[in-house]
Amino acid sequence: MKRELKIFDNLNDISDFAVKKWTELSEKAIKDSDRFSVALSGGKTPVTLYRKLSKVQDLPWNKTDIFIVDERFVPPESDDSNFRMIREVLLDHISIPAENIHSVTTLNISLHDAALQYEREIRISFGISDDAVPSFDLILLGIGDDGHTASLFPAGSELNELNRLILSVNPPDITRSERISMTFRLINNAKNIIFLSTGADKSIVIKEVIEDRNSTLPAALVNPRKGDLIFLFDNEAASLLATQ
Ligand code: 6PG
């Protein structure tokens, strides 16, 4: 596993770098296996990246499979829906076959069944058996100021999940909506993981994630067994790191 940390002046530069990386990884994946599988996070930070990607029409979108790292259990038209943001900013602007887009069903289904159904959809798309774990070409993650990543929150029982690929999650803060999230079993099997994070409000938690090897914060538990891990921060998010 290769672990890399890159610090930029602003979110625009982070996003330009991430577009370059996405392009390289998609070329490699398609050369190796004729498909490129990515899982996208919600939140605010990746919006600039998705907007930039939406303008790159010559990416191999017809061979790109797009999944969601985590979803809030809200109707698809809700302002809180991660898929809605990704659709409006990226998917509505590119030529991608509908069957390449894998969103989480949140209507007319229970939270528990939505997680099971999404896990099944991932297995079918990767064509793998019930005990195998798919290996995404790229997973994009963010970091919450409490150290959560995906919808895996500090001290949550989901952190120790050894069997499932997708779980339903009740966030510790009950004002937040229920979630569906990829587990570490799935995340840590990725070929490439890129974290994007900006702003001074993330700096304390980023210091712990990067410098404390014993940290139990969810973002610190991201550790792709066979893959590469890249952290992309702006100066403010990285401001407390010992090595900059
Ligand atoms: C979500 C996310 C979540 C996000 C972090 C960071 O659904 O909210 O997938 O894990 O990546 O909360 O969010 P920001 O990018 O807004 O800081």
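Residues numbered from 1 in each chain as written. Predicted model: local features only at pLDDT ≥ 70, side-chain atom pairs only at ≥ 80, totals over all residues. Heavy atoms only, no water.

Undergrad: Could you give an account of the pattern of salt bridges, naming the residues involved and the relevant values?
TA: With the rule as written, the count across this model stands at 17 salt bridges. For Asp 228, the salt bridge is made with Lys 2, and the minimal N-O distance between the two is 3.8 Å. With Asp 228 in strand β10 (residues 228–234) and Lys 2 in the segment before β1 (3–8), this residue pair connects regions lying 226 residues apart in the sequence. For Asp 228, a relative accessible area of 25% corresponds to the partly exposed category. The shortest N-O distance in the salt bridge between Arg 84 and Glu 88 comes to 2.8 Å. One end of the pair, Arg 84, and the other, Glu 88, are both in helix α3 (residues 82–89), four residues apart, so they sit about a helical turn from each other. Glu 88 gets classed as partly exposed once you look at its relative accessible area, which sits at 37%. (Salt bridge = Lys/Arg side-chain N within 4 Å of Asp/Glu carboxyl O. Helix = DSSP H or I, 4+ residues; strand = E, 2+ residues; numbered from the N terminus. Buried < 20%, exposed > 50% of the residue type's maximum accessible area, 1.4 Å probe, protein only.)

Undergrad: Just give me the short version of the sheet that holds strand β4 (residues 70–72), but keep the residues and values in it.
TA: If you walk across this open sheet you meet the three strands as β4-β8-β7, and the pairing is antiparallel. Edge positions in the open sheet fall to β4 and β7 (166–169), since each of these has one partner strand only. Here the average twist between neighbouring strands, direction ignored, is 15°. Note that β4 and strand β8 (residues 179–182) share three bridges and pair antiparallel. Following the sheet pairing, Asp 70 is matched in β8 by Ser 181. Here helix α4 (residues 111–126) sits on the sheet in contact with β7 and β8, set at roughly 160° to β7. (Pairing = 2+ DSSP bridges. Axes fitted to C-alpha atoms, helices over the stretch in contact; angles between N-to-C directions. Contact = heavy atoms within 4.5 Å.)

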